[in-house]
Amino acid sequence: MVKERVTVVDIARAAGVSKSTVSLVLQGSSLVNEVTRAKVNATIRELGYVYNRSAANLRQSKSKIIGIVVNDLTNSFFAELAVGVDTVVQSAGFVQFLANTSEKIERQREVVASMREHGVSGLIISPARGTEAADLAPLVESGIPVVLVVRDIADAGVSSLTSDNHAGAMAAVRHLIERGHRRIAFLGGFPDTAVFEARMRGYREALLEAGLDAADGLVIGSAPSRAGGVTAIEQAMMLSDRPTAALCFNDAVAFGVCDGLRARRLEPGADFAVIGFDDVIEAKTAVPALTTVSVDPQGMGQRAAELLLKQINAGRAEAESIIGSVRLVVRQSCGAAIERKTREALS
């Protein structure tokens with residue numbers, strides 16, 4: 001009876017690692033630690049696996065595939081961004097592979113390795129929290145075109161497309177100040193990201209510009225999600241001197257803030273002013289319609305795809321850094337004003 005050929009999947013199962021990790025070991029990648037590498041190599045010897053390098057080289061040849069790797073696909077912003085990418089790459093004869101990392105760097109390494117196995121022509125990546133330039137070094141060394149979106153990484157040597165988060169936050173806070181607000185909170189987001197830092201800086205500078213106190217107690221970080229928004233507004237409402245308005249890290253947080261206000265029988269836009277950031281599709285149809293800083297998610301996806309295709313077609317990956325403009329879209333959720341006795345409504 002002919003013995004069945006041992007596969008990478010067999011090795012992964014026997015070694016208790018992922019298929020992508022086995023592939024990295026076979027490719028001699030430095031991304032795998034020595035303990036894991038030794039375990040995988042021992043399993044390879046035990047099972048008698050033979051690496052067919054010529055077949056691997058065929059698999060790794062360039063295809064008409066674009067990889068898109070995002071850090072949080074539960075956020076509708078990234079779904080819209082992926083749609084924008086698809087409209088561009090599809091018309092150019094490419095297809096996209098989409099993967100979600102859930103903010104896990106190890107998962108990011110695995111999906112990038114898997115996409116490289118399939119010979120992707122280029123990658124669009126919204127990096128997981130904590131990603132460093134060294135994590136992208138193998139891609140730079142291999143010459144695969146990469147465009148980072150939403151989050152940039154210093155000295156990574158790859159192209160990036162981000163938004164003017166600082167200017168957007170300043171515009172939002174200035175608008176709230178013009179409506180009479182003096183206690184303005186910043187709600188949601190992970191403080192250890194460049195996006196949070198830029199939006200926070202714009203928030204603080206707008207307050208200081210108006211001679212207002214940018215109190216640390218008014219800055220409440222949370223998961224950048226709807227649930228995180230509920231948690232953040234609950235904490236804000238526990239302050240002795242409560243805010244009357246909030247700039248939220250993103251639209252998902254803003255929707256959660258609106259949920260949390262209603263749980264307290266306060267109406268967003270009437271009793272408390274709320275501004276989001278992103279301008280996802282739901283912002284326009286929410287009740288009340290959400291005032292937000294528009295970064296145009298689909299447009300960002302289209303621009304990222306165009307930048308990546310330009311590098312693919314040129315046959316080289318020259319790094320470019322682009323900061324997209326933003327604009328404040330005023331709707332009903334920021335209608336609350338001090339003249340309407342907001343403080344009495346919050347008591």
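Throughout, residues of each chain are indexed from 1 in the direction in which the sequence is written. In keeping with the model being predicted, local features are shown solely for residues with a pLDDT of at least 70 and side-chain atom pairs are shown and tallied solely at 80 or more, while totals for entire chains, interfaces and linings include all residues. Excluding hydrogens and water, the side-chain figures rest on all heavy atoms present in the structure.

The protein is annotated in an unreviewed UniProt entry as LacI family transcriptional regulator from Ensifer adhaerens.

Observations regarding the overall build of the protein
The line we're drawing: Strands are runs of DSSP state E lasting at least two residues, helices are runs of H or I lasting at least four, and both sets are numbered from the N terminus onward. Relative accessibility under 20% of the residue-type maximum defines a buried residue, over 50% an exposed one, and the middle range a partly exposed one, all with a 1.4 Å probe and only protein chains included. By definition, residues are in contact when any of their heavy atoms lie within 4.5 Å. Note on areas: Shrake-Rupley, 1.4 Å probe, and residue coverage restricted to the protein chains presented here.
Secondary structure assignment for the protein yields 14 helices and twelve strands. Referenced to the eigenvectors of the C-alpha coordinate spread, the extents of the protein come out at roughly 85 × 40 × 35 Å. Expressed as a percentage of the 347 residues in the protein, the buried residues total 54%. Sequence separation of 24 or more characterises 71% of the internal contacts of the protein that already satisfy a separation of 6 or more. For the protein, the accessible area works out to roughly 15,700 Å², and carbon and sulfur atoms hold 52% of it.

Considering the packing of aromatic side chains
To be explicit about the condition: Pairs were defined over the aromatic rings of Phe, Tyr and Trp, the Trp ring being its six-membered one, requiring ring centres within 6.5 Å. Orientation was assigned from the angle between planes: stacked under 30 degrees, edge-to-face over 60, tilted for the rest. The rule is short: NZ of Lys or CZ of Arg within 6 Å of the ring centre and within 35 degrees of the ring normal puts a charge over the ring.
Summed over the entire model, instances satisfying the criterion amount to four aromatic pairs. With centroids separated by 5.3 Å and ring planes inclined at 80 degrees, the aromatic side chains of Phe 186 and Phe 196 adopt a geometry described as edge-to-face. Residue Phe 186 is found in strand E6 (residues 184-187), and its partner Phe 196 is found in helix H9 (residues 194-209); the two are separated by ten residues along the sequence. This pair shows no difference in class: Phe 186 is buried, exactly as Phe 196 is. What links up through ring pairs into an aromatic cluster is the set Phe 186, Phe 196, Tyr 203 and Phe 249. One Lys or Arg, Arg 129, reaches over the ring of Phe 190 and ends 3.8 Å from the middle of that ring. The residue whose ring lies beneath Arg 199 is Phe 277, and the NZ or CZ to ring-centre distance is 3.7 Å.

Description of unusual backbone geometry
Omega for the peptide link from Val 287 to Pro 288 comes to -5 degrees, which places this bond in the cis form. As for its position among the elements, Pro 288 is in the loop between helix H12 (281-285) and strand E10 (291-294). The phi dihedral of Asp 278 is positive, around 135 degrees, even though this residue is not glycine. Examined against the element boundaries, Asp 278 turns out to sit in strand E9 (residues 273-278). The phi angle at Asp 296 is positive, at roughly 60 degrees, despite the residue not being glycine. Here Asp 296 is to be found in the loop between E10 and helix H13 (297-314).

Some remarks on the pairing of strand E3 (residues 122-125)
Counted only if it meets this: Two strands qualify as a pair provided that DSSP identifies no fewer than 2 bridges between them.
Burial along E3 is two-sided: the face carrying Gly 122 and Ile 124 and the face carrying Leu 123 and Ile 125 are both buried. Sheet topology places strand E1 (residues 65-70) next to E3; four bridges connect them, and they run parallel. When the sheet's bridge partners are listed, Ile 66 is paired in E3 with Gly 122. Here three bridges tie E3 to strand E4 (residues 146-149), and the two strands are oriented parallel to one another. Residue Ile 124 lies in a different strand from E4, and its bridge partner there is Val 147.

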